[in-house]
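Structural overview
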Amino acid sequence: MRNQSRYLLLITLLLAVYYVVCGIYLNHLNYYSQEGLFYVEKTKIILDGLGNRLKVMGLTSPILPFYTSFIFSFRNNILAPVIASSICTALLFYLMARSLIKRVSDVFYLLLLLVIFLLHPGILYAATSGKSIAMVLIFFFLFFFNLLKFYRSNTTFHVSIASICLVILIFCDYKFIWLMLFFIPLVLFITIKSLNLGEQESIFRLNQSFNNPSMRRKLINKTFALYIILFVLPLACVICYKLLNLTHAQDLDYFNESPYATWTVLADKLSFDQLSTSPVYQLPETSILISLRMLVFCPLMLVAVYLFRNSTYQILTLLTPFAFIEFLHIKYDKVFLSQEYYLIFLVLSLLAVLYRAQIVRNQLILKAVVGVLTLVMLYTGFIFLQSSSVREERSFIAVLLNHTTDARQTQNRDLANYINRLPADSHVLIDDAIAYPVVAFTKDIQKLTLPYQEGVFLSAIEAPDKYDDYILLATQKNEVTGFTQLNDRYVPVIKKSNSALRLQRVFETDDWVLYRIYTN
């Protein structure tokens, strides 16, 4: 066992290096995720910015992935998100593999797990893109893993650990707060099954529990105890964080709704707008088919359900994410489901296999089925990324396979390099609500006047000649030009208010125009 742990640790380290090298290669081709660049820009503000940076430090969301990226920014800000996502993905492999070797001695399943983490396009995307997907998958895995351990041992300690994992999961992706809704009826069902009753069917067990005063009290007490252990901590943490937002930003939902606090506001809207205005219009995923899409992406879920076929409430636990995904599709009807929500089913199915594979007597058939489905998942993972509704995911596959550079980020880097070459005492007015990729590539952030410097930024917009030497404006071609004041419509407005102001174009890309400011 000790030797296995050593070999497993070595494999994990090599896997992390593999992911980092792949991520560096993608960065060399100018592939950067919007989320990663957002973290890089906020890190630069905290480390090198001027003025009050407390709001940026405490309210940037999702906060835990941001802090994880921040930890690895000591050497290279640009690579920090990639290093963070690579290490987190390798850690996910370690957690799953370690759980596997404790339960199953057959090395086949470990090799299968390694193949998935080496070759599955979705896992590679999570590891090398610099996004928070890997952290989400880690705590999603730990949450369900501890629930399964609770079902086996009936020890509430595991529920407490699951609750902590749920808190961290919510602060990695706030949408997972809705997962709690689907555990409310499930907790009651689990409590009924845990009672020592003669009946087997749940409806008869419930009837018997309520007809017996002693059993009724036990049912009510145990149900509410589980509710408190599982849900109170996540709700309390969310409420405290919302109050923190209210105190510092005068808005309870600032962390979730402001483009200055989270990258998802513009990314979600832009993803839908691009497809809805495209000549080839693609409808959002149909609600009836969304669960089928998940099964096509991860057919191993069928094996997972089969392995728990003798336990109804455990099957319902495995099916809970399907209800969660359907709910997200209804609530966020203009947002396409990203790769993250597909990968949770891959992790959940692997958890079921590593947890229950040893109970199957005919291991040869199980290995054959799991092996074939793994090959199918490698193919479907590629197809789903290639045909994704999210442009960033399609770009990942295109850059990875075609070895071509990402033209958009190339232009952003060229613009940032021009700003880097400006005199040291120059100042540039930029709105990082949409221009954070440019800011992320800029070396000296003290040259920039940004919205976190609230008083200075607002004054600079009204009188740019008094505060700055240059101003960056979004062009009409820029897809997010409507989300900032600093666009092409700003020029006639500012010239009308100050007839002596002159703007000279000094650098231009498809999305941006950099003007030099001077007066007559």
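Note that the structure is a prediction, hence the values are computed from the model and not measured.

Attention now goes to the side chain of Ser129. Mapped onto the secondary structure, Ser129 falls in the loop between helix 7 (121-128) and helix 8 (133-153). At 2.6 Å, the side chain of Ser129 forms a polar contact with the backbone oxygen of Tyr125. Those residues within four positions of Ser129 in sequence are excluded, and the remaining contacts are Tyr31, Ser33 and Ser85.

The interhelical angle for the contact between helix 2 (residues 34-48) and helix 4 (residues 63-71), taken along N-to-C directions, is 65°, at an axis separation of 10 Å. Here helix 4 runs roughly perpendicular to helix 2, going by the angle between their axes. Crossing angle aside, the handedness with which helix 2 passes helix 4 is right-handed. Along the contact surface, helix 2 presents Tyr39, Lys42, Thr43, Ile46 and Leu47, while helix 4 presents Pro65, Phe66, Ser69 and Phe70. Taken together, the residues of the contact of helix 2 with helix 4 sort by class into 6 nonpolar, 2 polar and 1 charged.

For the rest of this paragraph, the subject is helix 23 (residues 454-462). Listed as buried for helix 23 are Phe457, Ala460 and Ile461. Considered in projection along helix 23, the buried side chains sweep an arc of 100° and stay on one side of the axis. Exposed positions of helix 23 whose direction lies more than 90 degrees from the buried face are Leu458 and Glu462. Looking at the buried positions of helix 23, the neighbouring elements they touch are strand 1 (428-429), strand 2 (448-449), helix 24 (464-467) and helix 25 (490-497).

Phe117, Phe141, Phe143, Phe176, Leu300 and Ile325 are the most contacted members of the largest nonpolar core, which totals 117 residues. Looking at which element gives the most residues to this core, the answer is helix 8, with 17 residues. Contact partners of Phe143, with chain neighbours within four places excluded, come to Ala162, Cys165, Leu166, Leu179, Phe183 and Leu230. With 37 residues, the next largest nonpolar core counts Ile46, Ile430, Ala435 and Ile445 among its residues.

Turning next to the sheet that holds strand 5 (residues 512-519). Strand order across the open sheet formed by 5 strands is 2-1-3-5-4, with mixed pairing between neighbours. Strands at the two margins of the open sheet, each flanked by one partner only, are strand 2 and strand 4 (501-508).

With respect to the secondary-structure elements, Ile101 resides in helix 5 (residues 80-103). Assessed through its relative accessible area of 15%, Ile101 is described here as buried. Separated by 93 residues in sequence, Ile101 and Leu8 place their C-alpha atoms 9.6 Å apart.

With that out of the way, let us pick up the packing of aromatic side chains. If you walk through the whole model with that rule in mind, you get 33 aromatic pairs. Three or more aromatic residues joined by ring pairs form one cluster here, namely Phe140, Phe143, Phe144, Phe176, Phe183, Phe324 and Tyr341. A cation over a ring is seen here: Lys55 above Tyr254, with NZ or CZ 5.3 Å from the ring centre. Lying over the aromatic face of Tyr332, Lys331 brings its terminal NZ or CZ to 5.7 Å of the ring centre.

Across 7 bridges, the pairing between strand 4 and strand 5 is antiparallel. Residue pairing in the sheet places Arg502 in a bridge with Tyr518 of strand 5. Here strand 4 folds back onto strand 5 in antiparallel fashion, the turn holding 3 residues.

A separate point is the pattern of salt bridges. Inspection of every chain in the model, using the stated rule, returns 11 salt bridges. A salt bridge links Lys55 to Glu454; its shortest N-O distance comes to 2.8 Å. One end of the pair, Lys55, is in helix 3 (residues 54-59); the other, Glu454, is in helix 23, and 399 residues separate them in sequence. Accessibility expressed as a relative area gives 44% for Glu454, which makes it partly exposed. Among the ionic pairs, Glu479 bridges to Arg408, the shortest N-O distance being 3.7 Å.

Turning our eyes to something else, we now look at the pairing of strand 3 (residues 470-474). Among the 5 residues of strand 3, 5 are classified as buried, and the element is accordingly described as predominantly covered. Here strand 3 shows a buried face lined by Tyr470, Leu472 and Ala474 and a second buried face lined by Ile471 and Leu473. Two strands pair when backbone bridges link them, and strand 1 and strand 3 are joined in this way by 2 bridges, in the parallel orientation. The residue bridging Val428 from the neighbouring strand is Tyr470, located in strand 3. Of the pairings in the sheet, the one linking strand 3 to strand 5 comprises 5 bridges and is antiparallel in character.

What follows concerns helix 17 (residues 312-331). Compared with the 28 Å implied by 1.5 Å per residue over 20 residues, the 28 Å span of helix 17 between its first and last C-alpha is a close match. Of all bends in helix 17, the biggest is about 35°, found at Leu318, and the proline Pro321 comes one to four residues later.

Time to look at the side chain of His158. One can find His158 in helix 9 (residues 156-170). Exposure remark for His158: the relative accessible area of 12% places this residue in the buried category. Other than its neighbours up to four places away in sequence, His158 contacts Asn146, Lys149, Phe150 and Ser153.

Next up on the list: the confidence of the model for the protein chain. Summing up the model confidence of the protein chain, the mean pLDDT is 88 and the portion of residues at 70 or higher is 92%. Within the protein chain, helix 7 carries the highest mean pLDDT (96), whereas helix 11 (residues 202-211) carries the lowest (58).

Relative orientation of the contacting elements helix 2 and helix 22 (residues 432-441) amounts to 75°, with a least axis distance of 8 Å. On the basis of their axis angle, the class for helix 2 and helix 22 is roughly perpendicular. Between helix 2, through Gln34, Leu37, Phe38, Val40, Glu41, Lys42, Lys44 and Ile45, and helix 22, the contact on the second element is made entirely by Asp432, Tyr436, Pro437, Val439, Ala440 and Phe441.

On to unusual backbone geometry. Going from Ser61 to Pro62, the amide bond is cis rather than trans, its omega being -5°. Note on placement: Pro62 falls in the loop between helix 3 and helix 4. A positive phi is found at Asn154, a non-glycine position, where the angle reads about 55°. Here Asn154 falls in the partly exposed class, since its relative accessible area comes to 41%. Not every positive phi belongs to a glycine, and His403 is a case in point at roughly 60°. Mapped onto the elements of the fold, His403 is located in the loop between helix 20 (391-402) and helix 21 (407-420).

Thresholds, definitions, all that
Within every chain, residues take consecutive numbers counted from 1 along the sequence as written. Residue-level local features of this predicted model are given only where pLDDT is at least 70; pairs of side-chain atoms are given and counted only at 80 or more, and the full residue set underlies all totals for whole chains, interfaces and linings. The side-chain quantities take in all heavy atoms of the structure and omit both hydrogens and water. Each helix is a run of DSSP H or I of at least 4 residues and each strand a run of E of at least 2, with the numbering of both proceeding from the N terminus. The term polar contact refers here to a pair of N or O atoms within 3.5 Å; inside protein, the definition further demands a hydrogen-donor-capable atom paired with an acceptor-capable atom, and it admits residues adjacent in sequence only when both atoms are side-chain atoms. Contacts between residues were defined by any pair of non-hydrogen atoms, one from each residue, lying within 4.5 Å. To obtain an axis, a line is fitted to C-alpha atoms, over the contacting stretch when the element is a helix, and the angle between two such axes runs from 0 to 180 degrees between their N-to-C directions. With respect to orientation, any angle under 35 degrees is reported as roughly parallel, any angle over 145 as roughly antiparallel, any angle of 65 to 115 as roughly perpendicular, and every other angle as oblique. Each crossing is labelled by how the near helix is turned from the far one, with a counterclockwise turn of less than a right angle marking it left-handed and a clockwise turn marking it right-handed. The classification used treats Ala, Val, Leu, Ile, Met, Phe, Trp, Tyr, Cys and Pro as nonpolar, Asp, Glu, Lys and Arg as charged, and all other residues, Gly among them, as polar. Buried residues are those whose accessible area, probed at 1.4 Å on protein chains only, stays under 20% of the maximum for their type, while exposed residues exceed 50% and partly exposed ones sit between those limits. Note that the arc is defined by the directions from the helix axis to the C-beta atoms. Note on terminology: a nonpolar core comprises buried Ala, Val, Leu, Ile, Met, Phe, Trp, Tyr and Cys residues joined through side-chain atoms within 4.5 Å. A pair of strands is considered paired only if DSSP assigns at least 2 bridges between the two. Within 6.5 Å between ring centres, the rings of Phe, Tyr and Trp (the latter by its six-membered ring) count as paired, and their orientation is classed by plane angle as stacked under 30 degrees, edge-to-face over 60, tilted in between. We count a charge as sitting over a ring when the NZ of a lysine or the CZ of an arginine lies within 6 Å of the ring centre and within 35 degrees of the ring normal. Whenever a carboxyl oxygen of Asp or Glu lies within 4 Å of a side-chain nitrogen of Lys or Arg, that contact is scored as a salt bridge. Multiply 1.5 Å by the residue count of a helix minus one, and that product is the helix's expected span. One axis is fitted to the seven residues ending at the residue and one to the seven starting there. The bend at that residue is the angle between these axes. The predictor attaches a confidence to each residue, called pLDDT, with possible values from 0 through 100.

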